[in-house]
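Summary of structural features
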Amino acid sequence: MATDFSRNTVSKNIISQAVPLILAQIVQILYNVVDRVYIGHLPGSDGLALTGIGLAFPVTTLVMAFTQLLGAGGTPLFSMARGAGEDEQAGKIMGNAFSMLLRCSLLLLVFCYIFRRPILFLFGASEASYVYADAYLKIYLLGTSFSMVSAGMNGYINAQGFPGTGMFTTIIGAVLNLILDPLFIFVFHMGVSGAALATVISQMISALWVVRFLTGSKAVLHIKREFLRIDWKLTGQIASLGLSGFIMQSTNCLVSILCNTTLRDFGGDLYVGIMTVINSIREVMTLPVHGFTSGSQPVLGYDYGAGKPGRVREGIRFVTVTAIVYTLLAWIAVIVSPRFLLSVFTNNKEMLNAGEHALNLYFMGFCFMAFQFCGQCTFVALGRSKQAVFFSLLRKAVIVAPLTVLLPRLGLGVDGVFLAEPISNVIGGSSCFIAMYLQVYRKL
């Protein structure tokens, strides 16, 4: 049953949206990192197989960046159109996003597949690690369209008030991936290629689930043929809001490349593998709070479109407090048990010994990420694309990327790479939240 955002308290509406999303994100954790868990314990790879997957990570991040640009960018517009009672406009937004996701995915597939060797070496591969990275990437790329449709269009299910259905999009793919990964990797002895194939099949089933729901009778608004023709003006509006997520993901891609190449130069393949593990732990830690803030966006957007500023302020307060509490607890978990968290992904003793120190450096001040998430989600939910874009650029492109290159060369070595993230969390997160408070919250 769809949630009626005009009724109940704001916090209850946010929880009703966020809880299924958080559960989906927990399952998504398994979806995203289960490949790395299995590959990290692959006999005889000496950590190089895990390093190979880490080298492919910037490409998968780039795919997600375009998904944010053309898929997630339309959901705030969709929510506001629904809140204003403009269902036909909402249908056009959804249909336009679907068409653009399909076209973009095919272009990305062709380009990345043809140029995957120079891309991987640009991203920090060595001759030893390239073998594993190429085996994974050339199969993973075949699922680009499935990945972009399932992730990009699932937001339109949530925005219609069906968070439980949206949750199953992730659950279906994650459970299937959990089953297929050990089968392909260990039973069929396919190694990293098996991990990639399991992911592609899982993404395909998830995409079919999303399309089936959005074209079926249960959805409030459907993907209709007459709305699939691309409206470039509408695409521009979608992209302007999706630009924040696009920049966030594409700058993540840039930072991943800089991290891999710098770590390769200062620490070798071992530290590239350690960063792969740390990125996996970061995904585990950030996805729940990301799910919570994402769940708040349709509610904030609906109330804003309906002209209820008091409810929007109430929602912002609730999201902020919850996010701060969660990120503090996550930081404590890292401080208390760094070796345990690392051991989930690898049994390589060199990685475990060197990784403990690196993990603690990377997660210092993790609670400041809450301010970034809250400020960013509020800007996006209320259609403030310029602010959202600016603060996405500030944290990653202006702070993290230069520090990743400079700090190791100023005498900090590999530690400098891991310190760049907490510095950006403090400066970027605080700046984003203060700007949101002054420019949005106080004026509502």
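A brief structural summary.

Criteria and cut-off values
- Residues numbered from 1 in each chain as written.
- Predicted model: local features only at pLDDT ≥ 70, side-chain atom pairs only at ≥ 80, totals over all residues.
- Heavy atoms only, no water.
- Salt bridge = Lys/Arg side-chain N within 4 Å of Asp/Glu carboxyl O.
- Helix = DSSP H or I, 4+ residues; strand = E, 2+ residues; numbered from the N terminus.
- Buried < 20%, exposed > 50% of the residue type's maximum accessible area, 1.4 Å probe, protein only.
- 1 Å grid on protein atoms, 1.4 Å probe; cavity = no way out; pocket = protein on both sides within 12 Å on 5 of 7 lines; lining within 4 Å.
- Points joined across faces, edges and corners; volume = space filled by probe spheres on them.
- Nonpolar A, V, L, I, M, F, W, Y, C, P; charged D, E, K, R; others polar.

1. Points about the pattern of salt bridges
Under the defined criterion, the tally for this structure stands at nine salt bridges. Of the charged contacts in the structure, one is a salt bridge between Lys92 and Glu88, with a shortest N-O distance of 4.0 Å. Of this pair, Lys92 and Glu88 both sit in helix α4 (residues 87–114), four residues apart, which is roughly one turn of the helix. The class for Lys92 is partly exposed, based on a relative accessible area of 33%. Glu88 sits in the exposed class, given a relative accessible area of 52%. Salt-bridge contacts for Lys396 lead to Glu421; the nearest nitrogen and oxygen are separated by 3.3 Å. In this pair, Lys396 is assigned in helix α16 (residues 385–412) and Glu421 in helix α17 (residues 414–441), connecting sequence segments 25 residues apart. Judged by its relative accessible area of 3%, Lys396 is buried. Three or more residues joined by partner-sharing salt bridges are found here, namely Arg395, Lys396 and Glu421.

2. Topic: empty space enclosed by the protein
Enumeration according to the criterion identifies three cavities of 30 Å³ or more in this entry. The space that makes up the second largest cavity amounts to roughly 100 Å³. If you list the elements that add at least two residues to the lining of the second largest cavity, you get α10 (232–267), α11 (269–305), α16 and α17.

3. As for the layout of surface pockets
Computed from the structure, the largest pocket encloses a volume of approximately 190 Å³. Around the largest pocket, the lining residues are Thr165, Trp209, Arg212, Phe213, Gly216, Ser217 and Lys218. Classifying every residue of the lining of the largest pocket by side-chain character gives two nonpolar, three polar and two charged.

Function cannot be read off these values alone, since they describe shape.
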